[in-house]
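Chain and residue survey
Letter by letter, the chains look like this.
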Amino acid sequence: MNSNFFLFPNKTKIKENYEAYTPILADILEKVENKLRKNIKLASMPTYKSRVKSFNSYYSKVLRLKAEEAEKSDFIPLTDMMGIRVICAFIEDLAEVEQQVKDNFIVREVEYKGAQQNFREFGYESIHILIAIPDDCMPKKPTLPLPESIVCEIQIRTILQDAWAEVEHELIYKTEFTPFDLPLKRKLASINASLSLADIIFQEIRDYQKNMQGEVEARRASFYDKVDDLTLNTSVDEKRAPLQRSISRVSPYVRGTIDDMILQALQAHNDGDFERAIVIYTEILDSKPAPANSVMAVIYKHRGMAFFAENKYEESLQDFKSSVKYDEKGFRSYYYIGIVYSIMNKHQDAVDAFTKSLSINEFQSHTHFRRAVSYFKLNNYDESLADLNAARSLGLEDEECEALNKKLVEKFGMKM
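Residues numbered from 1 in each chain as written. Predicted model: local features only at pLDDT ≥ 70, side-chain atom pairs only at ≥ 80, totals over all residues. Heavy atoms only, no water.

A few words now on helix α12 (residues 347–360). Look at α12: 20 Å from first C-alpha to last across 14 residues, which is about the 20 Å you get at 1.5 Å a residue. In the core, the buried residues of α12 are packed alongside α11 (331–343) and α13 (365–377). (Helix = DSSP H or I, 4+ residues; strand = E, 2+ residues; numbered from the N terminus. Expected span 1.5 Å × (residues − 1). Contact = heavy atoms within 4.5 Å.)

Here the protein averages 82 in pLDDT, while 83% of its residues score no lower than 70. For the protein, per-element mean pLDDT is lowest for helix α3 (residues 67–70), which scores 73, and highest for α12, which scores 96. The low-confidence segment residues 1–6, where pLDDT is below 50, has one contact with residues more than four positions distant or belonging to other chains. (pLDDT = per-residue confidence, 0-100.)

A grouping of Ile91, Leu197, Ile200 and Ile201 is seen on the molecular surface, where their side chains present a nonpolar patch of about 310 Å² in accessible area. Ranked by the residues each element gives to the nonpolar patch, the list is headed by helix α6 (residues 182–231), at three residues. Inspection of the secondary structure assignment puts Ile201 in helix α6. (Patch = residues over 30% accessible without salt bridge, like charges linked within 9 Å, V, L, I, M, F, W, Y side chains within 5 Å. Areas by Shrake-Rupley, 256 points an atom, 1.4 Å probe, with all protein chains shown as cover. Salt bridge = Lys/Arg side-chain N within 4 Å of Asp/Glu carboxyl O.)

By the secondary structure assignment, Arg303 is in helix α9 (residues 292–309). With a relative accessible area of 14%, Arg303 lands in the buried category. A polar contact is formed between the side chain of Arg303 and the side chain of Thr282, at a distance of 3.0 Å. Look past the residues within four positions of Arg303 in its chain and what remains in contact with it is Ile278, Tyr281, Thr282, Leu285 and Asp319. (Buried < 20%, exposed > 50% of the residue type's maximum accessible area, 1.4 Å probe, protein only. Polar contact = N/O pair within 3.5 Å; in protein donor to acceptor, adjacent residues only side chain to side chain.)

Below, the discussion takes up the packing of α11 against α13. Interaxial distance between α11 and α13 falls to 11 Å at its minimum, and their mutual angle equals 25 degrees. Classified by the interaxial angle, the pair formed by α11 and α13 is roughly parallel. Our pair here, α11 against α13, has a crossing hand that is left-handed. Seen from α11, the contacting residues are Tyr335, Ile339 and Ser342; seen from α13, they are His366, Thr367, Arg370 and Ser374. In terms of residue class, the contact of α11 with α13 is made up of two nonpolar, four polar and one charged. (Axes fitted to C-alpha atoms, helices over the stretch in contact; angles between N-to-C directions. Parallel < 35°, antiparallel > 145°, perpendicular 65-115°, else oblique. Left-handed = near helix turned anticlockwise from the far one by under 90°. Nonpolar A, V, L, I, M, F, W, Y, C, P; charged D, E, K, R; others polar.)

Laid out in structure tokens, this is it:
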């Protein structure tokens, strides 16, 4: 008889003990996941997967790594008994989640899976963080003693990294098979590379969109600054210092596309090169882009703002009107039409345009305020006050509102 036979761990006893601990581990895991959900803040919120390690997987790992310890104890804590996977949309989210985990938990260890593999290899990539269990996640009255070394593993991956890891687990890990055939190795490596490339492209698109949005917001803010200077005299509004903006610029990865041209135009616009912006917008319009309605509405609106910046109000007005022809629900374009009419001292036309904008989206504080100013110019003080109150109820409370309110008080006299 083999003298080592009686040194094998007692599987039945280990199973009984592990299954007794399973409800406690599940309770801890749920609390840790809830804590993660509460504290992890991203623009695109991640999804979560959690699991307590199955007994078969647990026992297999104990035999492989800690058989000697199992001879002395029936419950051996492993670092991955409790696992939570945080699955992110974009590569940039991974570092953010890692940092937020470090900010909210005591970290025992961080491992970057796959970081050292070369492009010919096909192992999955993932960030693995071992955290100590927070006191507020521990059971208040545990039925069994918990080892001081107990940890929870948090894995951070993108959606595509997680998809590859799941497939790789089924193809290789579960079958304990490593491909020896070179063509098969190449196929697996190419799939992994394709998914990694897709992650990179998704991130590039994300970066592109964020920079595009930054340009749009800067352009809109500069438009509003000029509107304030032109439409609100000093008795209603003290001119404000120009806003200082810093925009991170990127080079689009697909040259010559409509998106590329729009970004170039927006950058020229925000740099004050309005003539170049108008030329690019015009080129896009002349190309008759598809889908026509959505693209044409946006480009006419952008070019209208560029014309406005050049003090070409008639051209600006025509572009804003063209924009709403392509998008009848374009409440911002109707708002811009009202702005131009107010600059041209056509206050009834301005009121009509603002009213149309509010009929599409009534929750626009600035549109209510602008209509209040136009009503004031038309000596319609009751309507002006009603719009001013609406603007304030929607959260607009600044010097402009206060100045207009004072003027209305003067007009109403004792009525106020």
